[in-house]
Each structure stands twice: as structure tokens, then as C-alpha cells.
Amino acid sequence: MAKESNLKNMALVLTLVCLFCSAVLGGAYALTKKPIDAAAAEKTAKAVGAVLPEFDETSYESVEALGKTYNYYKAVKGDETVGYAVESTTSGFGGNLSLMVGITADGVVYNTTVLSHSETPGLGAKCSTDEHFMAQWKGLNPSEKILKVKQDNGDIDAITASTITSRAYTLAVANALAVVAALNKEEKSNE
Amino acid sequence: MEYFLIIISAIFVNNIVLAQFLGICPFLGVSNKLSTATGMSGAVCFVITLSTLVTWLINHYLLEPFQLEFLQTIAFILVIAALVQMVEIILKKISPSLYQALGIFLPLITTNCAVLGVAINVVTKQFTFGGEPHMLNLAESLVYAFATSLGYGLAMVIFAGIREHLALNDVPKSFKGVPIALVTVGILAMAFMGFSGMVK
Amino acid sequence: MSNRMKLISGGLVKNNPTFVLLLGMCPTLATTTSAINGLSMGLATLFVLVLSNMAISAIAPAVPDKVHIPVYIVVIATFVTLLQLLMQAFTPAIYETLGLFIPLIVVNCIVLGRAEAFASKNGVLDSACDGIGVGLGFTLSLTVLGLVREILGAGSIFGWSFLGGRDGMLAFVLAPGAFICLGYLMVLFNKLFNKEK
């Protein structure tokens with residue numbers, strides 16, 4: 001059955017096994033790298049497509065705003081800028097809440113979608129399924145509404161029993177709007 | 001201030017056993033008596049902190065520069081296994097009394113998912129702790145690992161205390177042993193949920 | 001043939017890893033927030049269990065006794081990483097949901113336990129059957145636990161809601177419900193299958 005151990009065969013077997021395993025994994029990594037990247041790209045493309053009106057192509061850019069770096073996709077149709085899809089992360093109840101916020105060129109929210117969250121299942125996690133909560137972001141004009149939850153004297157309906165998550169979501173949208181406002185200002189001064 | 005938040009969060013809010021479900025096997029296995037529970041907690045505390053230090057360094061200076069992050073799992077588990085073995089040998093030599101106290105628990109720790117779990121979490125997850133989301137630096141990682149293991153110890157000691165009393169009670173036959181223990185942990189977890197949301 | 005069938009069915013009830021052997025508790029509790037999640041975690045473990053059992057039974061005779069644990073761990077970790085890469089590539093959504101608990105299959109005592117107790121002493125095919133049996137037992141327990149928690153906690157079955165959008169008893173989806181449900185399921189399992197005890 002099992003061989004007797006001496007230093008030579010122990011070292012030999014361990015080295016061989018490790019070498020073989022890392023070789024297998026290296027190969028597997030090389031083979032799966034493409035599909036993994038493709039899956040990630042598809043996920044973001046889907047998110048951008050969901051939060052912006054029709055566009056021809058996007059460019060991935062980043063900007064310094066509100067004291068940190070924001071990444072965003074600038075969507076163009078023909079020569080015109082359709083809007084921006086901003087990746088906005090705030091801290092929710094259970095951890096980070098990452099959103100993709102689509103904002104059209106005139107500064108109105110087109111739609112939002114959750115990229116990743118670690119909110120409580122059945123409570124805060126509803127931020128990505130609750131229809132009423134999600135619908136209120138569509139076409140939201142920041143000049144008409146106060147971007148705070150009703151508990152904080154704002155205009156946003158929070159998810160029942162998940163005020164902290166709703167606050168984080170609202171803040172993420174507000175941050176994204178501020179980023180786009182800054183972008184628009186910059187563009188105007190460049191003209 | 002941030003270190004304080006990390007500590008509170010890791011011990012109470014995101015307690016490793018009761019909220020993150022890590023290290024359950026030894027948690028159920030050795031919590032029959034208060035004395036073994038403290039012994040195990042001590043050993044876990046020691047190994048988690050040490051292995052987080054080593055795996056953080058390996059990840060930062062070896063895996064990341066060469067883009068070998070996909071080898072994380074295999075590298076970390078080897079490091080942890082080797083580390084546990086080394087700690088065992090060193091303890092035996094320099095502090096026989098400590099070895100007496102922790103020795104029997106050490107081999108069990110390699111397969112304690114809390115150790116690997118914390119090591120992986122620390123290098124892959126972004127944490128917030130009141131500020132902006134960010135990856136933990138070395139000092140924060142160590143504080144987080146240490147505090148997490150304290151949380152492990154806390155849950156373990158509380159549970160062992162309850163279980164010592166439980167053993168004296170008349171429990172229905174089918175519930176004897178692990179089932180009643182699980183239900184008890186459930187109630188304990190409910191108590192710890194009271195902390196949730198305290199530190200974001 | 002019937003012997004191999006016995007190996008497979010043994011893992012389902014008599015040596016059920018979750019309810020009888022009490023192994024692999026962490027993923028059992030953490031990933032069973034819904035039936036689908038439990039099922040995916042079970043299948044992921046099944047994948048690693050079968051392949052590592054086969055590989056280990058093949059190399060076991062050549063491995064010196066003193067280093068057999070590190071060698072087994074390396075082999076298991078390799079299959080786990082392979083699984084991680086495959087899941088990231090082809091089922092990224094499930095990979096994200098199960099998160100940390102995929103790499104943690106490495107330290108799932110079921111896998112190392114079967115390698116040590118069965119695969120190292122038996123042939124490749126028998127070990128594969130043992131892996132399938134124990135893996136299916138694990139998958140079954142996780143799916144049942146996930147199903148019970150989903151029904152009680154979210155009011156749905158495999159994602160199909162029967163409460164018409166209303167909430168279930170949320171506590172069952174959260175941490176306390178995991179422990180309590182598993183406790184009661186264990187009692188039920190004991191009552192049904194271990195009458196003589």
C-alpha cells in the first residue's frame with residue numbers, strides 16, 4: 001500500500017505533484033481566461049445597455065470627482081452624447097452596494113441597476129428586485145425631487161424595513177448625478 | 001478610530017461563526033467543555049493572525065506582481081498547512097506548557113475553514129468600515145484577522161458555557177447532541193443579529 | 001455492479017455526510033438561502049469530490065506515507081481552482097452568489113475525509129462511485145435544507161413564489177434560521193432512519 005517514507009521520495013513526490021498541478025492550472029487558466037473576460041464584459045455591457053437609451057458605442061473613462069475616482073461609460077449615437085453610465089459604490093447595510101446609474105445628456109436618470117451587493121436576503125436585497133423601488137428611478141429629474149428617502153424628508157420611497165439600504169442606494173444615485181454634472185460642466189468649459 | 005470600527009465589526013457585527021458561517025465544524029466539535037473551548041480559541045487566534053500575515057505578504061509580493069491570483073486557493077492552503085506544522089514544532093521546543101495547552105488543537109486547524117476564509121477574504125474583498133470602500137492594507141488586515149479570531153473565541157466560549165448547562169438538562173431523545181446544539185446556536189445567532197447595522 | 005450501487009446509495013442515507021456524519025457544516029449553513037443555491041453548492045462539491053477521489057486513488061500507492069496529507073490537499077486544491085475557473089467562465093452569476101464558499105471546498109472535511117478514508121485504499125472506479133454517492137448525499141441534504149429555508153423564509157419553491165409577493169418568515173433566510181432548520185431536519189432524519197437509536 002503506502003510507500004515507506006524517506007527524505008528523497010518525500011521531496012520528489014511533493015515536487016512532482018506541485019509541478020504537475022501548477023502546470024494543469026496554468027493551462028486551465030490560459031484556456032478559461034478568454035471566456036472569463038468575455039463573461040465579465042458581457043455583464044457590464046448588459047448593465048450599460050439596461051440603464052441607457054439606445055446608443056451606437058461606448059467608451060470607458062474615469063474622472064476624479066467628490067474626492068475619489070469614478071469610472072463611467074460614455075455612450076454616443078452618431079455625433080451626439082446619449083448619456084453616461086456611472087459605476088457608483090456606497091456602503092449599504094451588509095457591505096458595499098455597487099450600482100450602474102444611467103444618466104442622459106440632459107441630466108435626468110434614465111435607469112439604474114445593481115452591479116453587486118451584500119445586503120440581507122429578503123430585506124435590503126430587494127433593492128434589485130422590488131418593482132416599486134426600482135421604478136421610481138426611471139426618468140427621475142434631480143431638479144424636481146429631493147434625493148433623500150422619505151424618512152430623511154426626501155422624495156424617495158424606501159424599501160420596507162430596509163432604510164439603510166435605500167439610503168445607500170439613493171446616495172449612490174445622487175453621487176452619480178453629481179459626477180455627471182461635473183462632467184457636463186467640464187465639457188462646456190472646454191467648448 | 002477606524003481600527004476600533006474594524007474590531008467592533010469583526011467581533012460582534014460580522015461574527016465569524018454566527019454571521020459568516022465559518023469554522024462551524026470545530027465550533028460544534030470542541031465546545032462541549034469550557035476549558036477545551038478556550039484552548040481551541042487560543043490556537044485559532046494564533047494561527048489566523050499569523051497565517052493572515054504570511055498570506056497577505058505572499059499575495060501582495062508574489063501572486064499579484066506575476067498575475068498569479070488564480071493560484072490563491074492552492075498557495076494559501078499550503079502556507080496554512082505548513083505554518084500550522086511549523087508552529088507545532090516550534091511550540092514543542094520553546095514552550096512545552098503552551099504546547100500542552102494548544103497542541104492537540106493545532107492539527108485540527110488546517111481544515112478549519114475560518115483560517116482559509118479570513119485569509120482569502122482579506123485579500124479579495126473590499127471593506128468599508130465607515131469610510132470609502134477599499135482593500136485592506138497590512139496593518140488593517142492584521143487587526144481584522146485578530147479581531148475576527150477574538151469573535152470566534154467569544155462565540156465559542158459563550159456557546160461552551162451554554163452547552164455545559166445543556167448537558168445537565170433533560171432533552172428529548174431525538175434532539176440529544178448536535179440537533180439541540182444547532183437550535184441553541186440559532187438562538188445565539190439571533191441575539192448577535194441585534195448588532196447588525198451598527199458598523200457599516 | 002451491485003457493490004458499486006451500494007457505494008452510491010450508502011452516501012445518500014446511511015453515511016449521509018450532513019445529517020449522519022456531520023461534515024461540511026459551513027457551506028451547508030451558509031449557502032442554503034434558497035433551494036437553487038443549495039443545489040449548486042452541492043453539485044460543485046460533487047464535482048471536486050468525484051475528481052479528487054479518482055485522482056487520489058490513482059496516485060495513492062506512489063505517495064510516501066508521511067507526506068500523504070499535503071499531497072492530497074494539493075490535489076484537492078487543484079480541482080477546486082479548476083472549478084473556480086470554470087464557474088467564473090461559464091456560470092459567473094452562480095459563482096458570485098456562492099462566493100467565498102467555492103474556494104473553501106478545499107477545507108471541506110468531506111473531501112479530505114473521503115480521500116483519507118476511502119480513496120487512498122480503493123480502486124479508481126470504486127472511489128468514483130463513493131465520490132458520487134457521498135456527493136449526491138451532500139447535494140440532496142443541501143437542496144432539502146435550501147428548499148425548507150426558501151419555503152419558510154421567502155415563500156417560494158425554486159424561485160417560484162406562492163405567496164404572491166408577500167414576505168415569508170425572514171428569519172429563516174438569515175443566519176439563525178440556518179442553524180435552527182438544520183437542527184430540526186437532523187431530528188427528523190434521526191426519527192426516520194435511525195429508529196433503533
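Scope of this entry: the structure provided in the associated data block. (Residues numbered from 1 in each chain as written. Chains lettered and ligands numbered in written order. Predicted model: local features only at pLDDT ≥ 70, side-chain atom pairs only at ≥ 80, totals over all residues. Heavy atoms only, no water.)

Brief notes about the interface of chain A and chain C
Thought 1: Counting residues at the interface gives 27 residues for chain A and 27 residues for chain C.
Thought 2: At the boundary of chain A with chain C, total buried surface from both sides reaches about 2200 Å², with 78% on carbon and sulfur atoms.
Thought 3: Our enumeration of links across chain A and chain C arrives at 1 salt bridge.
Thought 4: For Lys43 of chain A, the salt bridge identified is with Glu96 of chain C, shortest N-O distance 3.4 Å.
Thought 5: Run the count over chain A and chain C and you get 1 residue pair in polar contact (both at pLDDT 80 or more).
Thought 6: The leading source of residues in the side of chain A that touches chain C is helix H1 (residues 7–51) of chain A, at 16 residues.
Thought 7: Broken down by class, the residue content of the side of chain A that touches chain C amounts to 18 nonpolar, 5 polar and 4 charged. (Contact = heavy atoms within 4.5 Å. Buried area = accessible area lost by both parts, 1.4 Å probe. Salt bridge = Lys/Arg side-chain N within 4 Å of Asp/Glu carboxyl O. Polar contact = N/O pair within 3.5 Å; in protein donor to acceptor, adjacent residues only side chain to side chain. Helix = DSSP H or I, 4+ residues; strand = E, 2+ residues; numbered from the N terminus. Nonpolar A, V, L, I, M, F, W, Y, C, P; charged D, E, K, R; others polar.)

Examining the sheet that holds strand E3 (residues 80–91) of chain A
Strand pairing in a sheet relies on backbone hydrogen bonds. The paired strands run either parallel or antiparallel.
Residues and elements named next belong to chain A.
Thought 1: Read from one edge of the open sheet, 5 strands run E1-E2-E3-E4-E5, paired in antiparallel fashion. Two strands bound the open sheet, and with one partner strand each, they are strand E1 (57–65) and strand E5 (109–117). Put simply, the sheet's adjacent strands are angled 25° from each other on average, direction ignored.
Thought 2: Strands E1, strand E2 (68–77), E3, strand E4 (96–104) and E5 of the sheet are contacted by H1, whose axis makes an angle of about 150° with E5.
Thought 3: Sitting on the sheet, helix H3 (residues 163–190) touches E1, E2, E3, E4 and E5, and the angle it makes with E3 is about 140°. (Pairing = 2+ DSSP bridges. Axes fitted to C-alpha atoms, helices over the stretch in contact; angles between N-to-C directions.)

Here's the deal with the pattern of salt bridges
Thought 1: Counting across every chain of the model gives 6 salt bridges over all chains.
Thought 2: For Arg167 of chain A, the salt bridge goes to Asp152 of chain A, with nearest N and O atoms at 2.8 Å. Within this pair, whereas Arg167 of chain A is found in helix H3, its partner Asp152 of chain A is found in the loop between helix H2 (131–135) and H3, the two being separated by 15 residues in sequence.
Thought 3: In this structure Arg167 of chain A comes out as partly exposed when scored by relative accessible area, which is 39%.
Thought 4: Note that Asp130 of chain C and Arg114 of chain C form a salt bridge whose closest N and O atoms lie 2.9 Å from each other. Highlighted residues: Asp130 of chain C in helix H7 (residues 124–154) and Arg114 of chain C in helix H6 (residues 109–117), separated in sequence by 16 residues. For the pair Asp130 of chain C and Arg114 of chain C, a shared accessibility class is recorded, and that class is buried. (Buried < 20%, exposed > 50% of the residue type's maximum accessible area, 1.4 Å probe, protein only.)

Considerations on empty space enclosed by the protein
Thought 1: In this structure the tally under the stated criterion is 1 cavity of 30 Å³ or more.
Thought 2: Its volume calculated, the largest cavity comes out at about 90 Å³.
Thought 3: Cys113 of chain B together with Cys26, Pro27, Val107 and Asn108 of chain C are, among the 14 residues lining the largest cavity, the residues nearest its centre. (1 Å grid on protein atoms, 1.4 Å probe; cavity = no way out; pocket = protein on both sides within 12 Å on 5 of 7 lines; lining within 4 Å. Points joined across faces, edges and corners; volume = space filled by probe spheres on them.)

Thoughts on the packing of aromatic side chains
Thought 1: Counted according to the given criterion, the structure contains 12 aromatic pairs over all chains.
Thought 2: Taking the centre distance of 5.8 Å and the plane angle of 80° together, the rings of Phe133 of chain A and Trp137 of chain A count as edge-to-face. Per residue, the accessibility class of Phe133 of chain A equals that of Trp137 of chain A, and both read buried.
Thought 3: Measuring from centroid to centroid gives 5.6 Å for Phe21 of chain B and Phe179 of chain C, while their planes differ by 45°, and the two rings are tilted. With Phe21 of chain B in the loop between helix H1 (2–13) and helix H2 (24–29) and Phe179 of chain C in helix H8 (residues 175–193), this residue pair bridges two chains.
Thought 4: Look at Phe21 of chain B and you get buried, because its relative accessible area is 7%.
Thought 5: Members of the aromatic cluster, connected to one another through ring pairs, are Phe133, Trp137 and Tyr169 of chain A. (Phe/Tyr/Trp six-rings, centres within 6.5 Å; stacked < 30°, edge-to-face > 60°.)

Some thoughts on the packing of helix H7 (residues 113–124) of chain B against helix H8 (residues 138–166) of chain B
All names here are of chain B.
Thought 1: Orientation of H7 relative to H8, taken along the N-to-C sense of each, is 150°, at an axis distance of 11 Å. Taken together, the axes of H7 and H8 lie roughly antiparallel to each other. Our pair here, H7 against H8, has a crossing hand that is right-handed. For the pair H7 and H8, the contacting residues are Ala114, Val118, Asn121 and Val122 in the first and Ser141, Tyr144, Ala145, Thr148 and Tyr152 in the second.
Thought 2: For the contact of H7 with H8, a count of residues per class yields 6 nonpolar, 3 polar and no charged. (Parallel < 35°, antiparallel > 145°, perpendicular 65-115°, else oblique. Left-handed = near helix turned anticlockwise from the far one by under 90°.)

Thoughts on the nonpolar core
Thought 1: Counting residues in each nonpolar core, the largest one holds 120 residues, and the members touching the most others are Phe21, Ile24, Phe27, Leu28, Ile109 and Leu116 of chain B together with Ile105 of chain C.
Thought 2: Sorting elements by how many residues they give to this core places helix H4 (residues 68–90) of chain C first, with 14 residues.
Thought 3: In this structure Leu116 of chain B touches Phe76, Ile77 and Ile80 of chain B together with Pro103, Leu104, Val106 and Val107 of chain C, once residues within four positions along its chain are discounted.
Thought 4: Counting residues in hydrophobic clusters, the runner-up holds 29 residues, among them Ala65, Val109, Ala172 and Ala176 of chain A. (Core = buried A, V, L, I, M, F, W, Y, C linked by side-chain atoms within 4.5 Å.)

With respect to the interface of chain C and chain B
Thought 1: Counting from both sides, the interface comprises 36 residues of chain C and, opposite them, 35 residues of chain B.
Thought 2: Summed over both partners, the interface of chain C with chain B comes to about 3000 Å²; 86% of that surface belongs to carbon and sulfur atoms.
Thought 3: On the chain C side of the interface with chain B, the three residues burying the most area are Cys26, Val107 and Phe179 of chain C, jointly 21% of the side's total.
Thought 4: Run the count over chain C and chain B and you get 0 salt bridges.
Thought 5: The tally of links between chain C and chain B comes to 2 residue pairs in polar contact (both at pLDDT 80 or more).
Thought 6: When residues of the side of chain C that touches chain B are assigned to their parent elements, the largest contribution, 12 residues, is made by H8 of chain C.

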